[in-house]
Amino acid sequence: MATTQQCRTALERLAGNLADADDEVRSAAALERSVSCHLTDLDTTFTGRLVHGRIEDMTTVHGPPSERAQIRLAMTSDDLVSLVDGRLNFARAWARGRVRLEAGLRDLLRLRSLL
């Protein structure tokens, strides 16, 4: 099981990857949405705002998210770290139920190139 700090570092790396991505990926991430990532094994949620390919105002709360974010992820801490490290394919993990992604249809269509 990854630690909360390892997960925060992974999310910060993900934010950096989005900010440094090529134009196609960056345009897909050019949303302004609230985001949450609930780590089921740690019962911890990271929340923040996705703003033009960057994750801003990231906070950590114990338990499930208190407010419903516009883009919601849920997974284990190890799966988060593996996704960011490139050892776990998002589409396969989502299809197998290891990762949950909930968002509006428009957001899902825009995010598909990121995933």
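Since the structure is predicted, the reported quantities are computational estimates derived from the model, not experimental observations. Within any chain, residue numbers begin from 1 and follow the written order of that chain's sequence. Note on the predicted model: pLDDT of at least 70 is required for a residue's local features to be given, and 80 or more for side-chain atom pairs to be given and counted; whole-chain, interface and lining totals, by contrast, use all residues. To get the side-chain values, take all heavy atoms of the structure and skip hydrogens and water.

With that settled, consider the sheet that holds strand β4 (residues 71–75). For two strands to pair, DSSP has to find at least two bridges joining them. Runs of E in the DSSP output that reach at least two residues are strands. Runs of H or I that reach at least four are helices, and both are numbered from the N terminus. The mixed open sheet is built from five strands, whose spatial order is β3-β2-β1-β4-β5. Single-partner strands in this sheet number two, and they are β3 (54–62) and β5 (100–103). Averaged over all adjacent pairs, the angle separating strand axes in this sheet is 15 degrees, with direction ignored. Contact between two residues is taken to exist if any of their heavy atoms lie within 4.5 Å; hydrogens are not considered. Each axis is a line fitted through C-alpha atoms, and for a helix only the stretch in contact is used; angles between axes span 0 to 180 degrees, taken between their N-to-C directions. Taken strand by strand, helix α3 (residues 77–85) contacts β1 (32–39) and β4, and its axis lies near 110 degrees from that of β4.

Another point: the side chain of histidine 38. Relative to the assigned elements, histidine 38 resides in strand β1. Side chain to side chain, histidine 38 and threonine 45 meet in a polar contact 2.7 Å long. Counted as a polar contact is a pair of N or O atoms within 3.5 Å, where, for protein atoms, one must be capable of donating a hydrogen and the other of accepting one, and residues adjacent in sequence contribute only when both atoms are in side chains. In this structure the side chain of histidine 38 is engaged in a polar contact, spanning 3.5 Å, whose partner is the backbone oxygen of glycine 63.

Note on soluble globular proteins: their nonpolar side chains tend to be buried together. In these notes, a set of buried Ala, Val, Leu, Ile, Met, Phe, Trp, Tyr and Cys residues joined through side-chain atoms within 4.5 Å is what counts as a nonpolar core. Burial classes follow relative accessibility: with a 1.4 Å probe on protein chains only, a residue under 20% of its type's maximum area counts as buried, one over 50% as exposed, and anything between as partly exposed. Counting 26 residues, the largest nonpolar core has Cys7, Leu39, Ile71, Met75 and Leu80 as its most contacted members. Setting aside residues no more than four positions away along its own chain, cysteine 7 makes contact with Ala2, Leu39, Leu42, Phe46, Ser77 and Leu80.

Of all five residues making up β4, four are buried, and the element is well covered by its neighbours. When β1 meets β4, the two strands line up parallel, connected through five bridges. Residue pairing across strands places serine 36 opposite arginine 72, the latter belonging to β4. In the sheet, β4 pairs with β5 via four bridges, with the strands oriented antiparallel. Residue pairing for β5: leucine 73 is matched across the bridge by leucine 101.

A few words now on the side chain of threonine 45. With respect to the helices and strands, threonine 45 occurs in strand β2 (residues 44–51). Polar contacts involving the side chain of threonine 45 include one to the main-chain carbonyl oxygen of glycine 63, which spans 2.6 Å. Excluding its chain neighbours within four sequence positions, the residues that come into contact with threonine 45 are Ser36, Cys37, His38, Thr59, Thr60, Val61, Gly63, Pro64 and Pro65.

Next up on the list: the confidence of the model for the chain. Residues with a pLDDT of 70 or more make up 86% of the chain, whose mean pLDDT is 86. Per-residue confidence from the predictor is given as pLDDT, running between 0 and 100. Predicted confidence in the chain is weakest over helix α2 (residues 23–28), with a mean pLDDT of 57, and strongest over α3, with 95.

What follows deals with unusual backbone geometry. For aspartate 43, which is not a glycine, the phi torsion comes out positive at approximately 50 degrees. Within the fold, aspartate 43 resides in the loop between β1 and β2. By relative accessible area, aspartate 43 is classed as partly exposed at 29%. Look at aspartate 57: it is not a glycine, yet its phi comes out positive at around 55 degrees.

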